[in-house]
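What follows is each chain in one-letter form.
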Amino acid sequence: MSATETPDTKPAPTGLRAYSELGVCALLLAVGVLVLTDALTMETVAGARGPVGPRTVPLIVGAALLVVSVLLAVDVLRGGRGEAEGGEDVDLGEPGDWRTVALLAGVFLAFAALIDPLGFPLAGALLFWGSAFALGSRTHALTRDPLIAAALSLVTYAVFHLLLGVQLPGGPLMGVM
C-alpha cells in the first residue's frame, strides 16, 4: 500500500476500465442524434399546430443529450470518473437475484403477448399481480394481491382510455366498460 492510499480507497482503474464511461457518452450521443434526426424529419402541418409545435421538445431534448455527452466525454478524458456505487443496504459482494429478474422478464413478456387477446384490464391485472409476486409479495398472495392488481389495472385503464383518450385494447371487457 502506498503512502497516499488508505485502506478504504482503491487505486484508479487502468487500461480500458479507465475509459469505460466513454461508452455512456457514446450511448448518449447516439440517442441524441436519433432524437434530433427524428424531430427534424417529423412531418407537421403548419396550420394545425400552435406557436410551439411538436418539434420543440424533441429538439431541446436531443440538443441537451448531445451537450451532456460531449461534456461527460471531456470530463472522462481529463481523468474524471464517477464514484463507485456504495449501495443502499446492499452487499455488492453478493451475486444478483437472477430468479427475480427472470420472473419479471417473463411477466412483461406475458403482458406483451396477452394485451391484444385479453385487453389491457385483464393483462394489466396479471402484470401487476405477477410483478408483485416476482418482487416478493407473499402475504395474502391469493386474495389481496389479485384484488389490488385488478383495481389498479381498471383505474389505469379508465384514466388512460376514458379520461385521456388513449385507445387501449379492452378485450372481453370492452362491452362492460
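No experiment lies behind these values; they were computed from the predicted model shown. (Residues numbered from 1 in each chain as written. Predicted model: local features only at pLDDT ≥ 70, side-chain atom pairs only at ≥ 80, totals over all residues. Heavy atoms only, no water.)

S.K.: Whenever I open this one, a nonpolar patch on the surface confuses me. Can you help?
M.R.: A cluster of nonpolar residues, Val155, Val159, Phe160, Leu162, Leu163, Leu164 and Val166, forms a patch on the protein surface that exposes about 660 Å² of accessible area. Structurally, Leu162 can be placed in helix H5 (residues 144-163). In this structure Leu162 comes out as exposed when scored by relative accessible area, which is 54%. (Patch = residues over 30% accessible without salt bridge, like charges linked within 9 Å, V, L, I, M, F, W, Y side chains within 5 Å. Areas by Shrake-Rupley, 256 points an atom, 1.4 Å probe, with all protein chains shown as cover. Salt bridge = Lys/Arg side-chain N within 4 Å of Asp/Glu carboxyl O. Helix = DSSP H or I, 4+ residues; strand = E, 2+ residues; numbered from the N terminus. Buried < 20%, exposed > 50% of the residue type's maximum accessible area, 1.4 Å probe, protein only.)

S.K.: I would appreciate a short explanation of the confidence of the model for the protein chain in the present structure.
M.R.: Should pLDDT be low for a region, the predicted coordinates there are not to be read in detail. Per-chain confidence: the protein chain averages 81 in pLDDT, with 75% of residues scoring 70 or above. Taking the mean pLDDT of every element in the protein chain, the minimum, 88, falls on H5 and the maximum, 93, on helix H3 (residues 98-118). (pLDDT = per-residue confidence, 0-100.)

S.K.: Honestly, the side chain of Thr156 in this entry has me stumped. Any pointers?
M.R.: Inspection of the secondary structure assignment puts Thr156 in helix H5. Other than its neighbours up to four places away in sequence, Thr156 contacts Phe120 and Phe128. (Contact = heavy atoms within 4.5 Å.)

S.K.: Hey, could you run me through the packing of aromatic side chains in this one?
M.R.: Given two aromatic rings, their pairing is described by the distance between the two centres and the angle made by the two planes. Applying the stated criterion across every chain yields a total of one aromatic pair. Relative to Phe120, the ring of Phe111 lies with its centre 6.0 Å away and its plane at 85°, an arrangement referred to as edge-to-face. Residue Phe111 shares its accessibility class with Phe120, and that shared class is buried. (Phe/Tyr/Trp six-rings, centres within 6.5 Å; stacked < 30°, edge-to-face > 60°.)

S.K.: Would you mind going over helix H1 (residues 22-40) with me for this structure?
M.R.: Within an α-helix, residues lying three or four positions from one another point in the same direction, as the helix has 3.6 residues per turn. Between its first and last C-alpha atoms H1 spans 27 Å; for 19 residues at 1.5 Å apiece the expected length is 27 Å, and the two agree. Within H1, the full set of buried residues consists of Cys25, Gly32, Leu36 and Ala39. An end-on view of H1 places all buried positions within 65° of arc, on one side of the element. Turned more than 90 degrees from where H1 packs its buried face, Leu27, Leu34 and Asp38 sit exposed. Contacts from the buried residues of H1 go to helix H2 (56-77). (Expected span 1.5 Å × (residues − 1). Arc of directions from axis to C-beta.)

S.K.: Is there a simple way to think about the environment of Val35 in this case?
M.R.: The topology assignment puts Val35 in helix H1. The exposure class of Val35 is partly exposed, given its relative accessible area of 22%. Spatially, the C-alpha atoms of Val35 and Leu65 are 9.0 Å apart, while their sequence positions differ by 30 residues. Residue contacts for Val35: discarding those within four places in its chain leaves Pro58, Gly62 and Leu65.

S.K.: Mind showing me how you'd approach the environment of Pro146 here?
M.R.: You can see Pro146 is positioned in helix H5. A sequence separation of 13 residues divides Pro146 from Phe133, and the C-alpha atoms of the two residues are 10.0 Å apart.

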